[in-house]
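Remarks on the overall topology
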Amino acid sequence: MIQRHWVSTHFKLWILTCITGLLLTGSKGQVTEWGSWSGYTECSRTCGSGVQVRSRVCLVRRQVDGACQGDNTQARSCNTEPCPAGTVDFRTAQCSSFNGVPIKVNDVTKEFSWRPYFDASRPCALVCRSNKGDVMTLRETVADGTSCDHIDTMGVCVGGVCKNIGCDRVLGSTVNEDNCLVCGGQDKKCHTEEGSTLNVDFTNGEWKEVVTFPLEATRLAITILSTPPSALELRSDDGQSIELTQLMSGSSKAAVEFAGTRFIYHTEEDESKFTARGPINQTLYLKLLFNRQNPLVQYRYSIPRSRYIEADAQDRYAWLHGSWSLCSANCGVGFQLRAVRCIDRVTGQYVNQTLCPSDEVPISNQTCNNGPCYISVEDRFKFILELEIYNLI
């Protein structure tokens, strides 16, 4: 009697379990189950933080939910070491891969040379500008491991989505750069300078120098908190300049390459702001033209403390160099420049170059190559036609 009751009770529990399972897994009793992970793909880059991806397949789909729970792909970082000096930027290489490829622009098929174009709204699309000024999306997604084209520079694209990375170039890492771009440095050897035009006396119709951004300065920020001045510009030692107020008049977001870094313009509530990661490869001067109303402009930059604190006498004078400029040529062989200065570590000021070791002078120029140049069929015909006309004359 006891054994029969035990069998009867367990049989009822078994039936109840089966019914419950059917209710939980759908009318046909289907369940979802992930298959095994595949192996990781080959690293997308040979240096500079590439990406490897693995995937898995949902073997049976649930009738109600229609999908397995969780992600079907996983990504990890690989080849995170910095690329050698002179290596072509990864996004630039992807744009230049379309050099000489016939592409239809404005209903006309031509061949162009291409360079990256900044588009903050689509950080993982391959948007490029041709040598004729046309802007096109050449691919909807860049290759995995490409740095996101965004104000937030600490990110890489994976499957067309910008993923955060640490300054160690590892996905999922929370290690951050300090203001002097030292990975995990926590500003221990970094000096940050801040100021504004709040107590500056302006003369109507005259240019006024607001601040000097020294060579190798990082984390530059220029914030306009009032009605924009008549003109606001950055000038370099070699006489080049960018008109910041012109960038402000175009849109709420813009970017320009200058002095070895990218200056990005964006608006935040009632502020207009220019930021640059740096380091800059030239000394820059922020100049302002006052007209009618006193403008309120704030500035900020950082620089290593070694530029301000005392050093040993034998190490007092040292060479300092900036970053390389962009290649002078969109295609073919061009050149790159960088500023080279002799610095007094005690005062943080530039001094005569004869005070620094003559056998340790860093090079200030080098050649660069962005791939072969291509001439469109139309331009070739134009050249031949002009040549024939010249010969006839």
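Sequence order sets the numbering: in each chain, residues are counted from 1 along the sequence as written. Thresholds applied to this predicted model are a pLDDT of at least 70 for local features of residues and 80 or more for the giving and counting of side-chain atom pairs; totals over whole chains, interfaces and linings are not thresholded and use all residues. Hydrogens and water molecules were not included; the side-chain quantities draw on all heavy atoms of the structure.

1. Describing the pattern of salt bridges
- Salt bridge criterion: a side-chain nitrogen from Lys or Arg within 4 Å of a carboxyl oxygen from Asp or Glu. Applying the stated criterion across every chain yields a total of eight salt bridges.
- When the shortest N-O distance is used, the salt bridge between Arg-122 and Glu-140 registers 2.9 Å. Pair noted here: Arg-122 is in the loop between β7 (114–116) and β8 (126–130) and Glu-140 is in the loop between β9 (135–139) and β10 (155–158), with a separation of 18 residues, a long-range link.
- Remark: exposure states derive from per-residue accessible area (1.4 Å probe, protein chains only) relative to the maximum for the residue type, with buried under 20%, exposed over 50%, and partly exposed in between. With relative accessibility at 57%, the residue Glu-140 sits in the exposed group.
- With its nearest N and O atoms 2.4 Å apart, the salt bridge here joins Arg-277 to Glu-177. Think of it this way: any DSSP run of H or I at least four residues long counts as a helix, any run of E at least two long counts as a strand, and we number them from the N terminus.

2. Focus on the state of the cysteines
- Criterion for a disulfide: a pair of cysteine sulfur atoms within 2.5 Å. All told, the structure shown has ten disulfides when counted by the stated rule.
- In this model Cys-47 forms its disulfide with Cys-83; the gap between the sulfur atoms is 2.0 Å. For the disulfide bridge between Cys-47 and Cys-83, the dihedral angle about the S-S bond is near 100°, and by the sign convention the bridge is right-handed. Of this pair, Cys-47 sits in the loop between β1 (33–34) and β2 (50–55) while Cys-83 sits in the loop between β4 (73–78) and α2 (90–96); the two residues are 36 residues apart in sequence, bridging distant segments of the chain.
- The class for Cys-47 is buried, based on a relative accessible area of 11%.
- A residue is classified by how much of its surface remains accessible, and Cys-83, at 25% relative accessible area, is partly exposed.
- Shown here is the disulfide that connects Cys-180 with Cys-190, its sulfur atoms set 2.1 Å apart. Handedness of the Cys-180-Cys-190 disulfide follows from its S-S torsion of about 85°: it is right-handed. With Cys-180 in the loop between β11 (161–164) and β12 (190–196) and Cys-190 in strand β12, the pair connects residues that are ten residues apart, well separated along the chain. One exposure class covers both Cys-180 and Cys-190, and it is buried.

3. Structural notes on the environment of Gln-246
- Its place among the elements puts Gln-246 in helix α3 (residues 244–250).
- A C-alpha to C-alpha distance of 9.2 Å links Gln-246 and Glu-233, two positions 13 residues apart in sequence.

4. Let's talk about the sheet that holds β12
- When DSSP finds two or more bridges between two strands, those strands count as paired. As summarised here, the arrangement of the six strands in space is β12-β21-β14-β19-β18-β17, forming an open sheet in which the pairing is antiparallel. Each edge of the sheet is formed by a strand with only one pairing partner; in this case those strands are β12 and β17 (253–258). Across the sheet, the axes of successive neighbouring strands diverge by a mean angle of 15°, strand direction being ignored.
- The sheet contact formed by strand β14 (residues 218–224) and strand β19 (residues 271–276) spans five bridges and is antiparallel. Paired with Ile-224 across the two strands is Ser-272, which belongs to β19. For helices, the fitted axis covers only the stretch in contact; all axes are lines through C-alpha atoms, and the angles between them, taken along N-to-C directions, range from 0 to 180 degrees.

These values are about where atoms sit, not about what they do.
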